Amino acid sequence: MRDIWSRAFHRSAPIWRAQLSHPVVEAVAVVLGAWLLLSAAIWNGFPLIFYDTGAYILQGLGRVFVSERSPVYSLFLSYTHGAQSLWFAAVVQALMMAFVLAETSRALLHHIGIGLFLLIVLGLVVLTGLPWYVGQIEPDCFTAI
């Protein structure tokens, strides 16, 4: 394990220059990016909920069909153990979004480092509504993805 870590992060180069092309660096970048994307929900103290979040919770956890709500997101809540905590769903949503951002960054900027990636994510957090969509318990979070 130490050998994998040392190959990912070279001793001579600063840690923020480690490239996302290495799987360990990408995993670290996705986790840190997900934490940044959850900033709105962390600031709120709980994942963001709306008036119709209850319908998804009822459908996914109570196994009651609600005709005007998508059962797909309700099953997502069920599979991410939404009965124990809605934080699990919010964290999975943030990890998915951070992974998509990391893959897009790698495709567009071939030699991107972890520092630049986190700077891009921080820019999206500050300048867009992305953390508000990622931190909400709604299927709207997948619109950004």
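Scoring rules and cut-offs
- Residues numbered from 1 in each chain as written.
- Predicted model: local features only at pLDDT ≥ 70, side-chain atom pairs only at ≥ 80, totals over all residues.
- Heavy atoms only, no water.
- Helix = DSSP H or I, 4+ residues; strand = E, 2+ residues; numbered from the N terminus.
- Expected span 1.5 Å × (residues − 1).
- Buried < 20%, exposed > 50% of the residue type's maximum accessible area, 1.4 Å probe, protein only.
- pLDDT = per-residue confidence, 0-100.
- Contact = heavy atoms within 4.5 Å.
- Polar contact = N/O pair within 3.5 Å; in protein donor to acceptor, adjacent residues only side chain to side chain.

Colleague: Explain helix α6 (residues 87-108) here, please?
Modeller: Note: α-helices contain 3.6 residues per turn, so residues at a spacing of three or four share the same orientation. Helix length check: α6, at 22 residues, gives a terminal C-alpha distance of 31 Å against a target of 32 Å (1.5 Å per residue), a fit within 8%. Residues of α6 that are buried: A89, A90, Q93, A94, M97, A98, L101, A102 and S105.

Colleague: When you look at the confidence of the model for the protein in this model, what are you seeing that I'm missing?
Modeller: Mean pLDDT over the protein works out to 85, with 88% of the residues at or above the 70 mark. Element-level pLDDT for the protein is lowest in helix α1 (residues 2-8), with a mean of 55, against a maximum mean of 94 in helix α3 (residues 39-44).

Colleague: In this structure, what is going on with the environment of L109? I would like to understand it.
Modeller: Residue placement: L109 occurs in the loop between α6 and α7 (114-127). Separated by 89 residues in sequence, L109 and L20 place their C-alpha atoms 10.0 Å apart. Once you skip the residues sitting within four places of it in the chain, L109 turns out to touch L116 and I120.

Colleague: Is there a simple way to think about the side chain of T53 in this case?
Modeller: If you trace the backbone, T53 turns up in helix α4 (residues 53-61). Among the polar contacts made by the side chain of T53, one reaches the main-chain carbonyl oxygen of I137 at a distance of 3.1 Å. The contact partners of T53, leaving out residues within four places of it in the chain, are I137 and E138.

Colleague: What's the story with the side chain of S74 in this structure? I'm lost.
Modeller: In this structure, S74 sits in helix α5 (residues 71-79). Accessibility expressed as a relative area gives 1% for S74, which makes it buried. A distance of 3.4 Å separates a polar side-chain atom of S74 from the backbone oxygen of Y56. Contact partners of S74, with chain neighbours within four places excluded, come to Y56, Q59 and G60.

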